[in-house]
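# A structural walkthrough
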Amino acid sequence: MASTIDRTNQVRWDLGILYSDIEDPQLDSDLGEFAGMVKRFSVAYRGKLAQLLGPAIRDYLEIEALSGKITGYLFLRESTDLSNAAVKAKHAGFQREMSALQGEHLTFFELELVQLGDDALETWYESDPIVAKHRPWVEHLRVFRRHFLSEPVESALMKRSTFNAGSWGEFFDEVEADIEFNFRGASKNLTEMVHLLNESKDADERAEAMKCVNDGLGGPFAKYAAQTLYMVAGSKAVEDRERGYAHPMEARNKANRIPDSVVDVLHNTVTTLGGSLTRRYYKLKARHLGLPVLRWSDRNAPMPFSDTTVIPFDEAADIVAASYESFSPRLTAIVKSFFAERRIDAPVLKEKRHGAFNSSHVLPGGKTVSFTLLNYLGCNKDVMTLAHELGHGVHGIIAGEAQGPLMFHAPIAYCETASVFGEMTAFTFLKDRLIRSGDKNSLLALIVAKIESTINTVVRQIGLSNFERRLHGMDASYGAWTEPKKRSVEELDAIWLQTARELYGEEGEIFTYDHSSHLWSYIPHFHGPFYVYGYAFGELLTQSLFAQRRRLGAKFEPLYLDLLRSGSTKDVVELLAPFGLDARSDAFWKDGITVSLGALIDEAEQMSPPSRGEI
Ligand SMILES: [Zn+2]
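A brief look at the structure comes next. Keep in mind that this is a model prediction, so the values were computed, not measured. (Residues numbered from 1 in each chain as written. Predicted model: local features only at pLDDT ≥ 70, side-chain atom pairs only at ≥ 80, totals over all residues. Heavy atoms only, no water.)

A tally of helices and strands in the chain yields 25 helices and seven strands. Taken over C-alpha atoms, the radius of gyration comes to 25 Å for the chain, in line with the 25 Å a tight globule of 615 residues would show. Seen through its C-alpha atoms, the chain measures out along the principal axes to roughly 80 × 55 × 50 Å. Taking all 615 residues of the chain together, the buried fraction comes to 55%. Restricting to contacts in the chain with at least 6 residues of sequence separation, those with at least 24 account for 78%. Of the roughly 26,100 Å² that the chain leaves accessible, carbon and sulfur atoms contribute 53%. Where the 68 positive side-chain charges of the chain centre and where its 84 negative ones centre are 2 Å apart. (Helix = DSSP H or I, 4+ residues; strand = E, 2+ residues; numbered from the N terminus. Rg over C-alpha atoms; globule rule 2.2 N^0.38 Å. Buried < 20%, exposed > 50% of the residue type's maximum accessible area, 1.4 Å probe, protein only. Contact = heavy atoms within 4.5 Å. Areas by Shrake-Rupley, 256 points an atom, 1.4 Å probe, with all protein chains shown as cover. Lys, Arg positive; Asp, Glu negative; His and termini not counted. Charge placed at Lys NZ, Arg CZ, Asp CG, Glu CD.)

So, on to the packing of aromatic side chains. Under the counting rule described, the total for this entry stands at 38 aromatic pairs. Each member of the aromatic cluster is reached from another via a ring pair, and the members are Y324, F327, F421, F546, F556, Y560 and F579. In this structure, K69 is placed above the aromatic ring of Y19, and the distance from its NZ or CZ to the ring centre is 4.5 Å. The aromatic ring of F427 is capped on one face by K450, whose charged end is 5.7 Å from the ring centroid. (Phe/Tyr/Trp six-rings, centres within 6.5 Å; stacked < 30°, edge-to-face > 60°. Lys NZ or Arg CZ within 6 Å of the ring centre and 35° of its normal.)

The subject of this paragraph is the coordination of the zinc ion. Coordination sphere of the zinc ion, protein contribution only: H388 (NE2), H392 (NE2), E416 (OE) and E416 (OE), at 2.1 to 2.6 Å. Read in sequence order, the donor residues for the zinc ion give the motif H-x3-H-x23-E. Here the residue H388 occupies a position in helix α18 (residues 380-403), and E416 occupies one in the loop between α18 and α19 (417-437), the gap between them amounting to 28 residues. Take H388 and E416: they sit in the same class, and that class is buried. (Donors = N, O, S within 2.8 Å, 3.2 Å for Na, K, Ca; no water.)

Counting through the fold element by element, N214 comes out in helix α12 (residues 203-217). Among the residues examined, N214 registers a relative accessible area of 4% and is labelled buried.

Once that is clear, we can look at the pattern of salt bridges. In this structure the tally under the stated criterion is 38 salt bridges. The partner of K69 in a salt bridge is D30, with the nearest N and O atoms 3.6 Å apart. Taken as a pair, K69 in helix α3 (residues 49-79) and D30 in helix α2 (residues 25-45) lie far apart in primary sequence, 39 residues in all. Owing to a relative accessible area of 7%, D30 belongs among the buried residues under this scheme. The structure contains a network of salt bridges with shared partners spanning R12, D345 and K352. (Salt bridge = Lys/Arg side-chain N within 4 Å of Asp/Glu carboxyl O.)

Residues spaced three or four apart along an α-helix face the same direction, because each turn holds 3.6 residues. When the terminal C-alpha atoms of helix α15 (residues 260-289) are compared, their 41 Å separation across 30 residues agrees well with the 44 Å that a helix rising 1.5 Å per residue should span. Maximal helix bending in α15 amounts to about 30 degrees, located at G274. Phi turns positive one or two residues past the end of α15, at G290, with a value near 70 degrees. (Expected span 1.5 Å × (residues − 1). Bend = angle between axes of the 7 residues up to and from the residue.)

With that settled, the discussion passes to the nonpolar core. By size, the foremost hydrophobic cluster in this structure holds 128 residues, and its most contacted members are L331, I451, W496, W520, F537, Y560 and W589. When residues in this core are grouped by element, the largest group, 14 residues, is from helix α20 (residues 440-471). Within the second largest apolar cluster, 54 residues are counted, among which are L106, W124, W137 and F357. (Core = buried A, V, L, I, M, F, W, Y, C linked by side-chain atoms within 4.5 Å.)

Now for a negative patch on the surface. A cluster of acidic residues, E170, D173, E174, D178 and E180, forms a negative patch on the protein surface. Among the structural elements, E170 can be located in helix α10 (residues 167-178). (Patch = residues over 30% accessible without salt bridge, like charges linked within 9 Å, V, L, I, M, F, W, Y side chains within 5 Å.)

Between helix α5 (residues 107-115) and helix α9 (residues 151-160), the shortest axis-to-axis distance is 9 Å and the interhelical angle comes to 140 degrees. Comparing the axis directions of α5 and α9 gives the class oblique. In this structure, the crossing between α5 and α9 has a hand that is right-handed. Here T107, F108 and L111 of α5 lie close against α9, whose contacting residues are E151, E154, S155 and M158. Considered class by class, the residues forming the contact of α5 with α9 number three nonpolar, two polar and two charged. (Axes fitted to C-alpha atoms, helices over the stretch in contact; angles between N-to-C directions. Parallel < 35°, antiparallel > 145°, perpendicular 65-115°, else oblique. Left-handed = near helix turned anticlockwise from the far one by under 90°. Nonpolar A, V, L, I, M, F, W, Y, C, P; charged D, E, K, R; others polar.)

This part covers the packing of α19 against α20. At their nearest, the axes of α19 and α20 sit 9 Å apart, and the two run at 160 degrees to each other. Regarding the angle of α19 to α20, the classification is roughly antiparallel. Helix-helix and strand crossings are classified by hand; for α19 and α20 the assignment is left-handed. Contacts between α19 and α20 involve E423, M424, F427, L430, K431, L434 and I435 from the first element and S442, L443, L446, I447, K450 and S453 from the second. Each residue belonging to the contact of α19 with α20 can be placed in one class, and the counts come to eight nonpolar, two polar and three charged.

Here the focus is the sheet that holds strand β4 (residues 344-345). In sheet architecture, strand pairing relies on hydrogen bonds along the backbone and comes in two forms, parallel and antiparallel. Ordered by their spatial adjacency, three strands build an open sheet running β4-β6-β5, and the pairing between neighbours is mixed. One side of each edge strand has no neighbouring strand; the edge strands of this open sheet are β4 and β5 (357-362). Where β4 meets strand β6 (residues 368-373), two bridges bridge the pair, whose relative direction is parallel. Bridge assignment links D345 to a residue of β6, and that residue is L373. (Pairing = 2+ DSSP bridges.)

The subject of this paragraph is the pairing of β5. Counting buried positions over the six residues of β5 gives six, a clear majority of the element. Here β5 shows two buried faces, one formed by F357, S359 and H361 and the other by N358, S360 and V362.

Okay, structure coming up:
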């Protein structure tokens, strides 16, 4: 274990391709360059887009690449050095200055672009290859044409954007970090308490921890949380009304390139079929834990057959590369470049950001770089996280090369495609390896962990989304929208419990919900409205895609590479058509749930000893 950690500690990323450090004079000179570029841009193109669209898009690409390099670097630099005040100050100062410059000089661009006449645009599409290439980007912007406000208003909103409802998220991180939970005489933070809930094998200890968390979140914290959520929903409602959106999810759905009807089908199918599979799984879990009814604190409890094998980082790297080798030499080469070029930061360190992420950038000049942050300890889950983040990485690189800085980011709802796909390849690899070794306990542990993570990504996120829909004014039967209301902590508690019961069963059926009523209060995603359903969408879409890999055999790789290459240039229907899949149909989502969650639960049930009633 010690040597595993020692080796992992050496896996640090090298950001040198961006800047040498925050003192690098290039950083300040790039900010100056950025300021000059945006000012020249506005002088050259304001009011003249019909005549100069081609050159404007070319210059805009350069601006986008430079701003991505600067902000990308500062974010990455901060991510491994969170307590460094100088880095924090530099990051915040640059952010402020850059949004002010963007607000002042660039706001006109999108506004004027969406107002261009069809004929003028058509001429540009036909005569200029760069404009033609960026047609999907232009057309996607034009979807929002009637939702733009006047330029002075848009400019003011842009300048104020670092202080908008989303900044509650930042405030929250800080307040949340300060909450102390007094558990059995020791002071613990929220991360430590969540860790205890996931790791403790003692059901009573877990229940006591859950009560401690719920009590700790209640009181002042839940009041802050209720007020911030009201401000998020209320300010959004005002802005949505001004922009002429018909309902609170419309802007997000349009940005995701998903029709409202598909979003509804997703929510309904997950709530019904996903909910019933979830209840079936937790019945099995209760049996394994030897408990007649689960308490909410048992939801993420470890199973008695947990796998404690520690996989050294180098082996994880080999596993991930080998799992890609099974279907794509091109992707394998990119995956290997992450290790060779030191694009990964692996160890668990106090001053690092929690969790894991990938961040890809198209630099000035067109080169694409991608960095991955992990907190690697060596369990199976960490190997799958590595595969997940490198999935984002290969997606970023392939799409960046093909589409450039404006169109390489896939929309939120399917930016998880390559990552979930990568995770599935690593899961399949680890599973086959355990089947060959005959280690049934570890195999069951792996399958069960995958079931729980799928439930948490699909079913739990739709539960969160249902709560969020209610928060923004949807009625209890999810049929109609009204204005968001100011709700007390007790009212939010009641909605939270109702949305949980819809998926996890009535009180006492599978779970009891004691001491879980305030858990809505620490979900950071609620500060970025309607983000969470994208997780469920991406996971199920990718599971359906993954199932096609077997069916299509050698035909799969080129289709998959095309999908990755398309970045944000296609909507979900176009994206899936080459695979013979159609996200508009109920059947698509049902199949997505059945081939993933359904199949895994079948396997777990078959591998589990029969319950007493069945003997
Ligand atoms: Zn991801």
